[in-house]
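What follows is each chain in one-letter form.
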Amino acid sequence: MSQSPLSGKNAIITGSTSGIGLGIARQLAKAGANIVLNSFTDSADDHALADQLIKDFGVKALYISADMSNPVACAALVEKATEQLGPISILVNNAGIQFVAPVDEFPTEKWDAIMAINLSSVFHTTKAAIPGMKKFGWGRIVNISSAHGLTASPFKSAYVAAKHGVIGFTKAVALELAEQNITSNAVCPAYVLTPLVEAQIPEQMKVHNMDRETVIREVMLSRQPTKEFSTVEQIGDIVVFLCSDAAAQITGTPISVDGGWTAL
Ligand code: NAD
């Protein structure tokens, strides 16, 4: 039987109990990587998600609770994962939150939370993971930024600032590690069909008095030229690609997965 491409590699995906993070975890597990799932909660359902990966893909998987707004918890996540699985060679920084308000009304605590979870956690986990990757002699850091890491929308000042920051950080890390067989890249999705986005569709249909197809096309995907959402599987497969040998020379790059959003 041929070996799965990522077998023997251990991956942490932050914020991976739902949506894109869980999609990435499943595609990495499908490619043979052992998986650490993470969120800030610690419920039976969280641990059951890891058990499901073991069952579906025959890899090692566990759930570790850690709040990505807390620098100590970010480092502890990497430490605990290493204790349980061995060196972490794939780090996917995915945890993220959103808040929408005009700048002059933007609550300071929301700004601070977005900066902590969407940007600073990327620094804290990366800092903690690099020594293990260097020892292992191979590493892949993939940061989930956004089309809002390359462009802006009104009322999303904190999110846009944090996601631009993630891309800058990604590039600096890539340069520092360029000769160490460790790559650092960012993935920049526009709208991805996650349960959260799916849940907004009925409400938008009501507000705009439109059918499902029209509200998706005219309202939700008005800036997405293909008029199609990306799927979490597509984002997961791009992360798997960035972990492959074919991507060894891709580093310091924001990769848009946005149906043409940033080409406009
Ligand atoms: P989601 O809300 O479905 O998932 C976010 C995950 O992060 C969840 O597992 C949640 O529990 C976890 N999380 C939240 N706060 C946390 C914290 N303090 N500590 C640890 N985990 C925490 O969101 P999603 O849509 O899957 O988004 C995932 C990432 O992709 C985010 O960084 C988001 O900005 C980015 N993104 C999403 C879209 C989209 O259309 N959904 C587009 C571009 C970028």
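Up top you'll find the structure we're talking about.
In this report, the structure presented in the accompanying data block is examined. These numbers were taken from a predicted model, which means no experiment stands behind them. Counting restarts for each chain, with residues numbered from 1 along the sequence as it is written. Since the coordinates come from a predicted model, pLDDT governs what is reported: local features require at least 70, and pairs of side-chain atoms require 80 or more to be given and counted, while whole-chain, interface and lining totals use all residues. Derived side-chain values reflect all non-hydrogen atoms in the structure, with water molecules and hydrogen atoms excluded from consideration.

## Here we look at the overall build of the protein chain
- A tally of regular secondary structure across the protein chain gives eight helices and seven strands.
- Compactness check: the protein chain gives a C-alpha radius of gyration of 18 Å against a globular reference of 18 Å for 264 residues, within 12% of the reference.
- Seen along its three principal axes, the alpha-carbon backbone of the protein chain occupies a region of about 55 × 40 × 35 Å.
- By the burial criterion, 48% of the 264 residues in the protein chain qualify as buried.
- We call two residues contacting when some pair of their heavy atoms lies within 4.5 Å. Expressed as a percentage of contacts within the protein chain between residues at least 6 apart in sequence, the contacts between residues at least 24 apart total 71%.
- What sets the accessible areas is the Shrake-Rupley method with a 1.4 Å probe; for residues, cover comes only from the shown protein chains. Accessible surface, the protein chain: about 12500 Å² in total, of which carbon and sulfur atoms supply 55%.
- Here the protein chain contributes 19 positive and 24 negative side-chain charges, whose respective centroids are spaced 5 Å apart. A helix here means a DSSP run of H or I that spans at least four residues, while a strand means a run of E at least two residues long, and both kinds are numbered starting from the N terminus. To get the radius of gyration, use the C-alpha atoms; to get the globule rule, take the number of residues to the power 0.38 and multiply by 2.2 Å. Residue exposure (1.4 Å probe, protein chains only): buried if accessible area is under 20% of the type maximum, exposed if over 50%, otherwise partly exposed. All tallies of charge rest on Lys and Arg as positive and Asp and Glu as negative; His and the ends of each chain are not included. By convention, the point assigned to a charge is CZ for Arg, NZ for Lys, CD for Glu and CG for Asp.

## Let's talk about the sheet that holds strand 1 (residues 10-13)
- Spatially, 3-2-1-4-5-6-7 is the arrangement adopted by the seven strands of the open sheet, whose pairing is parallel. Taken across any chain shown, the strands that pair with only one partner, and hence form the sheet edges, are strand 3 (61-65) and strand 7 (254-257). Geometrically, the sheet is characterised by an average inter-axis angle of 20 degrees between neighbouring strands, direction not taken into account.
- Along the sheet face, helix 2 (residues 44-57) touches strand 2 (34-39) and strand 3 and points at about 160 degrees away from the line of strand 3.
- Relative to the sheet, helix 8 (residues 232-242) contacts strand 4 (90-93), strand 5 (139-144), strand 6 (182-189) and strand 7, its axis offset from that of strand 6 by approximately 160 degrees. If DSSP finds at least two bridges between two strands, the strands pair. Lines are fitted to the C-alpha atoms to define the axes, a helix being fitted only along its stretch in contact, and any angle between axes, read from their N-to-C directions, falls within 0 to 180 degrees.

## Describing the side chain of His148
- Examined against the element boundaries, His148 turns out to sit in the loop between strand 5 and helix 5 (157-176).
- Pairs of N or O atoms are called polar contacts if they sit within 3.5 Å, as long as, within protein, a hydrogen donor faces a hydrogen acceptor (for residues adjacent in sequence, only side-chain-to-side-chain pairs). Within the local environment of His148, its side chain forms a polar contact with the side chain of Ser153, the two groups lying 2.6 Å apart.
- Residues in contact with His148, not counting those within four places in the same chain, are Ser153, Lys156, Tyr159, Val160, Lys163, His164, Arg223 and Trp261.

## As for the pattern of salt bridges
- Any Lys or Arg side-chain nitrogen found within 4 Å of a carboxyl oxygen on Asp or Glu counts as a salt bridge. Here the structure, examined in full by the defined rule, presents three salt bridges.
- One salt bridge connects Asp56 with Arg26, and the closest N-O pair in it is separated by 3.0 Å. Here the residue Asp56 occupies a position in helix 2, and Arg26 occupies one in helix 1 (residues 19-30), the gap between them amounting to 30 residues.
- The class of Asp56 is partly exposed, set by a relative accessible area of 35%.

## A short note on the pairing of strand 6
- For strand 6, a buried count of eight out of eight residues is recorded, marking the element as mostly surrounded by other parts of the structure.
- Burial of the side chains of strand 6 extends over both faces: Ile182, Ser184, Ala186 and Cys188 are buried on one face and Thr183, Asn185, Val187 and Pro189 on the other.
- Relative to strand 7, strand 6 is paired through four bridges, and the arrangement is parallel. Looking at the pairing, Ala186 lines up with Pro254 of strand 7.

## Let's talk about the site of the ligand
- Any residue with at least one heavy atom within 4 Å of a molecule or strand is counted as near it. Residues in close proximity to the ligand total 28 residues, the closest being Thr17, Ile20, Ser39, Asn94 and Tyr159.
- Gly15 is positioned with one of its backbone polar atoms (N or O) 3.4 Å from an oxygen atom of the ligand.
- Within the contact set of the ligand, an oxygen atom lies 2.9 Å away from a backbone nitrogen or oxygen of Val192.
- Here the ligand loses 88% of its free accessible area of 820 Å² to cover by the protein chains.
- Looking at the shell around the ligand, the elements that each hand over two or more residues are helix 1, strand 2 and helix 5.
- In the scheme used here, Gly and all other residues not listed as nonpolar or charged are polar, with Ala, Val, Leu, Ile, Met, Phe, Trp, Tyr, Cys and Pro taken as nonpolar and Asp, Glu, Lys and Arg as charged. When grouped by side-chain class, the residues that make up the shell around the ligand number 13 nonpolar, 13 polar and two charged.

Distances and angles like these do not, on their own, reveal function.
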